[in-house]
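The primary structure of each chain is shown beneath.
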Amino acid sequence: VTFSVAGGSATVGSAAASTDSQCRASITVQAGGASGPIAIAASVSGFSVSFSLSSRVPGPVVAAAGFVNAASAQQGVVPGSIVTIQGSGLAQGIQGCVEAGVVAGPLPTTLAGVAVSFGTHLTPIFHVCNVSGREQVTVQAPWELGAGSVPVQITVGSGSSVVQSVPVLAAQPGIFETQG
């Protein structure tokens, strides 16, 4: 039986495999660097069949546009500001919010298995949430950030990802409001 990748980002472990005593053949498929659907084709003696797989890059999936001011929801990061990071894979296994629960003293730099670094600076985390499938982490951006952009590494459990160019702005007003 010959196997090939018919679509998506993947490689097959072997292009061919022999059948066993029950006429089954198997191979390994290694996902590529991009998330999404993968189609594998198998053929033998003029007969063919295809099957679908789906892959997801280990670690969270976040774009630079997913960094917003926690008060105004405008995109971008300001040194020392409170930033909400939105994406997928940020709050795996969480329903609702996990709060830091700190009344006095510093916020933790790891909460619910999540850690965020702006450049080389670990950030304090306010909460990690998954509310109706909307996953987010709210952090305080380091005061040490300079103008331009910064790479941000987000680690969730044993997986991590880096967003290369998160914009750093000089100022971005935002006011937290409550209904009372």
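Presented here is a report on the structure given in the accompanying data block. Remember, it's a predicted structure, so these values are computed and weren't measured experimentally. (Residues numbered from 1 in each chain as written. Predicted model: local features only at pLDDT ≥ 70, side-chain atom pairs only at ≥ 80, totals over all residues. Heavy atoms only, no water.)

Taken as a whole and assessed by the stated rule, the structure comprises 1 aromatic pair. Taken together, a centroid distance of 6.2 Å and an interplanar angle of 80 degrees make the contact between Phe-67 and Phe-118 edge-to-face. Of this pair, Phe-67 sits in strand E6 (residues 67-69) while Phe-118 sits in strand E10 (residues 114-118), and the two are 51 residues apart along the sequence. (Phe/Tyr/Trp six-rings, centres within 6.5 Å; stacked < 30°, edge-to-face > 60°. Helix = DSSP H or I, 4+ residues; strand = E, 2+ residues; numbered from the N terminus.)

The next subject is the sheet that holds strand E4 (residues 36-44). Strand order across the open sheet formed by 3 strands is E1-E4-E5, with antiparallel pairing between neighbours. Because the sheet does not close on itself, it has two edges, and the strands there are strand E1 (2-7) and strand E5 (47-55). Here the strands of the sheet are splayed against their neighbours by 25 degrees on average, with no regard to which way each runs. The pairing of E1 with E4 spans 5 bridges and is classified as antiparallel. Note that in E4 the partner of Ser-4 across the bridge is Ala-41. (Pairing = 2+ DSSP bridges. Axes fitted to C-alpha atoms, helices over the stretch in contact; angles between N-to-C directions.)

Residues Phe-67, Ile-85, Val-116, Phe-118 and Ile-154 are the most contacted members of the largest nonpolar core, which totals 25 residues. Counting only elements with at least two residues in this core, the list comes to strand E7 (82-87), E10, strand E12 (125-131), strand E13 (134-140), strand E14 (148-156) and strand E15 (159-168). No other element matches the 4 residues that E14 contributes to this core. The contacts of Ile-154, once residues within four sequence positions are left out, are Pro-60, Val-62, Phe-67, Ile-85, Leu-90, Ala-115, Val-116, Gly-159, Ser-160 and Ser-161. Counting residues in each nonpolar core, the second largest holds 6 residues, with Ala-17, Ile-38, Ile-40 and Ala-42 among its members. (Core = buried A, V, L, I, M, F, W, Y, C linked by side-chain atoms within 4.5 Å. Buried < 20%, exposed > 50% of the residue type's maximum accessible area, 1.4 Å probe, protein only. Contact = heavy atoms within 4.5 Å.)

Moving on: the pairing of E7. Of the strand pairs in this sheet, E6 and E7 are connected by 3 bridges, and their pairing is antiparallel. What sits directly across from Asn-69, in E7, is Val-83. Note: E7 against E13, 6 bridges, orientation antiparallel. From the neighbouring strand, Ile-82 faces E13, where its bridge partner is Gln-140.

Attention shifts here to the side chain of Ser-117. Within the secondary structure, Ser-117 sits in strand E10. The contacts of Ser-117, once residues within four sequence positions are left out, are Leu-122, Pro-151, Val-152 and Gln-153.

This paragraph deals with the sheet that holds E13. Reading across the sheet, the 5 strands line up as E6-E7-E13-E12-E8 and stay open at both edges, with antiparallel pairing between neighbours. Two strands close off the open sheet at either side, each with one partner strand: E6 and strand E8 (96-99). Strand-to-strand twist of the sheet, defined as the mean angle between neighbouring strand axes without regard to direction, takes the value 20 degrees.

Per the stated rule, a full pass over the model turns up 1 disulfide. Here Cys-97 engages in a disulfide with Cys-129; their sulfurs sit 2.0 Å apart. Taking the sign of the torsion about the S-S bond as the criterion, the disulfide between Cys-97 and Cys-129, at about 115 degrees, is right-handed. A residue pair is termed long-range when its members are at least 10 positions apart, and Cys-97 in strand E8 and Cys-129 in strand E12 qualify at 32 residues. The class for Cys-97 is partly exposed, based on a relative accessible area of 39%. (Disulfide = S-S within 2.5 Å.)

Remember, this is a structural readout, not a statement about activity or role.
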